[in-house]
Amino acid sequence: MPIEIQNFKPSLFLKQVSTLAVFHLREIKVSSATSTLKSQKSKMDTILSSPVVKSFLAGSFSGTCSTILFQPLDLVKTRLQSSVVMDGASSSMLRTFNNVVRNEHILGLWKGIVPSISRTVPGVGMYFCCLQTLKNTFDCHNPGPLQAIGLGVVGRGFAGVTLIPITVVKTRCESKVYNYQSLVDALRKIYTTEGKKGLTSGLSATLLRDAPFSGIYLMFYTQTKKHMPIDKIERQYLPTINFASGIIAGVLASTVTQPADVVKTRMQLYPERYKTILQTVRKILAEEGPRAMCTGLVPRCLRRTMMAAMAWTVYEQVMSNFSQK
């Protein structure tokens, strides 16, 4: 015992105690950080497991792919619908396409892509999110024709009203009527020169176009799939079935809502000249004839059909992959 006391060194003892204390503190910090990460991961998993969140993410992803791919068709359609007012003469889809490439180069076909993505990506996400919420609320996961129309109208109407300022900017950026430097610049200039009314110009026509389109599309899409023997088809062919159903539904819905698209474009490009839906329709029919109500039908039909078919195909595939995890 005396030897132990004699060999005792206070400095060495304090050093060992401090080393142990630091080691335990590190263990506590690591343990606390690990538990925090696990808690955050658990919360994230809970959020991502929500069908509504899955719908929004899947819809946004599908909207991004289809918007970038089919933007040239949307630009050509807008140019066709505004060319009569600007030049006094109608043009064709191929001639408009060639003029854009010749005068603005190939990238000119993607003019307005930023506001287009800013509108379509969250818009498609909100649409699918709203559809999923309505399906869960009213327990109609296998909707009939009228239910499908109702779901499509409400879902698209909600997204259309929310994103109408971006829709106005998108249409104007695609045309040659306005020359905005950026999305923010466009919003600022429209608000400064036209006020809040300018940011919502063509809202009624936009809803008259988008809401019926989505309702009719969803009805044809769900009914077409019901008449296909999906149970007897291998899983690898389901995306093809979804895409084919989307094309059939897109052609029918685009054709029915084409006049509303022409009215919507005119009201957003020339708000001083075209003030209301009825006045716009009368003016177009009187000055250009009934054929003008179908201006841009081919590029719009191609774009809306392929875009909607691709969006639904990607959406259902992503949702299917989500459900497997």
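The following refers to the structure shown. Predicted, not measured: the structure shown is a model, and the values here were computed from it.

## Let's talk about the overall build of the protein
Counting secondary structure elements, the protein contains 12 helices and zero strands. Residue burial in the protein is summarised as follows: out of 325 residues, 44% are buried. Counting contacts in the protein only where the partners sit at least 6 residues apart, residues at least 24 apart contribute 78% of the total.

## Describing the packing of aromatic side chains
Note on aromatic pairs: each is described by the distance of the centres and the angle between the planes. As enumerated under the stated definition, the model contains nine aromatic pairs in all. Ring geometry for Y127 versus F128: centroids 5.3 Å apart, planes at 55°, classification tilted. Taking the relative accessible area as the measure of exposure, F128 reaches 2% and is therefore buried. Feature note: the residues Y127, F128, F213, Y217, Y221, W312 and Y315 constitute an aromatic cluster, connected by ring pairs. The aromatic ring of Y127 is capped on one face by R156, whose charged end is 4.3 Å from the ring centroid.

## Focus: the nonpolar core
By size, the foremost hydrophobic cluster in this structure holds 28 residues, and its most contacted members are F128, L131, Y217, L218 and W312. Mapped by element, the contributors of at least two residues to this core are α3 (51-87), α5 (113-138), α6 (145-162), α9 (203-226), α10 (238-269) and α12 (297-324). Setting aside its immediate chain neighbours within four residues, F128 contacts S55, G59, S62, A311, W312 and Y315.

## A word on the packing of α10 against helix α11 (residues 277-288)
Pairs of packed helices are described in terms of their axes, by the angle between the two and the distance that separates them. Packing of α10 against α11 leaves a shortest axis separation of 10 Å and a crossing angle of 100°. Taken together, the axes of α10 and α11 lie roughly perpendicular to each other. Of the residues in α11, those touching α10 at V262, V263, R266 and M267 are I277, T280, V281, I284 and E288. Classifying every residue of the contact of α10 with α11 by side-chain character gives six nonpolar, one polar and two charged.

## Observations concerning α11
Side chains of residues three or four places apart in an α-helix project in the same direction, reflecting 3.6 residues per turn. Over its 12 residues, α11 runs 16 Å from end to end, which matches the ideal 16 Å to within 8%, given 1.5 Å per residue. Two or three places before Q279, at the start of α11, stands the capping residue T276, its side-chain oxygen 3.2 Å from that residue's backbone nitrogen.

## Details of empty space enclosed by the protein
As enumerated under the stated definition, the model contains two cavities of 30 Å³ or more in all. Approximately 300 Å³ is the volume found for the largest cavity. In this structure, the largest cavity is lined by 22 residues; those nearest its centre are T120, V124, R156, R304 and M307. When contributions to the lining of the largest cavity are tallied by element, the ones reaching two or more residues are α5, α6, α9 and α12. Broken down by class, the residue content of the lining of the largest cavity amounts to 11 nonpolar, six polar and five charged. The volume enclosed by the second largest cavity comes to roughly 70 Å³.

## Observations regarding the environment of T265
Positionally, T265 belongs in helix α10. Using a relative accessible area of 1% as the deciding quantity, one classes T265 as buried. Put simply, T265 and R172 are 93 residues apart on the chain and 8.8 Å apart in space, counted from C-alpha to C-alpha. Other than its neighbours up to four places away in sequence, T265 contacts K77, T78, Q81 and T171.

## Some thoughts on the environment of G157
Mapped onto the elements, G157 comes out in helix α6. Expressed as a C-alpha distance, the spacing of G157 and A211, which sit 54 residues apart in the sequence, is 5.4 Å.

## Brief notes about the pattern of salt bridges
In total, this model carries 17 salt bridges according to the counting rule given. Put simply, D74 and K170 hold a salt bridge, and the shortest N to O gap is 2.5 Å. With D74 in helix α3 and K170 in helix α7 (residues 164-174), this residue pair connects regions lying 96 residues apart in the sequence. Accessibility assignment for this pair places D74 and K170 in one class, buried. The salt bridge partner of R119 is D210, with a shortest N-O separation of 3.4 Å. Highlighted residues: R119 in helix α5 and D210 in helix α9, separated in sequence by 91 residues. According to the relative accessible area criterion, R119 is buried, its value standing at 13%. Within the structure, one salt-bridge network assembled from shared partners comprises D74, K77, R119, K170, E174, R209, D210, D261, R300 and R303.

Conventions adopted
- Residues numbered from 1 in each chain as written.
- Predicted model: local features only at pLDDT ≥ 70, side-chain atom pairs only at ≥ 80, totals over all residues.
- Heavy atoms only, no water.
- Helix = DSSP H or I, 4+ residues; strand = E, 2+ residues; numbered from the N terminus.
- Buried < 20%, exposed > 50% of the residue type's maximum accessible area, 1.4 Å probe, protein only.
- Contact = heavy atoms within 4.5 Å.
- Phe/Tyr/Trp six-rings, centres within 6.5 Å; stacked < 30°, edge-to-face > 60°.
- Lys NZ or Arg CZ within 6 Å of the ring centre and 35° of its normal.
- Core = buried A, V, L, I, M, F, W, Y, C linked by side-chain atoms within 4.5 Å.
- Axes fitted to C-alpha atoms, helices over the stretch in contact; angles between N-to-C directions.
- Parallel < 35°, antiparallel > 145°, perpendicular 65-115°, else oblique.
- Nonpolar A, V, L, I, M, F, W, Y, C, P; charged D, E, K, R; others polar.
- Expected span 1.5 Å × (residues − 1).
- Polar contact = N/O pair within 3.5 Å; in protein donor to acceptor, adjacent residues only side chain to side chain.
- 1 Å grid on protein atoms, 1.4 Å probe; cavity = no way out; pocket = protein on both sides within 12 Å on 5 of 7 lines; lining within 4 Å.
- Points joined across faces, edges and corners; volume = space filled by probe spheres on them.
- Salt bridge = Lys/Arg side-chain N within 4 Å of Asp/Glu carboxyl O.

Take it as geometry only, folks, not as evidence of what the structure does.
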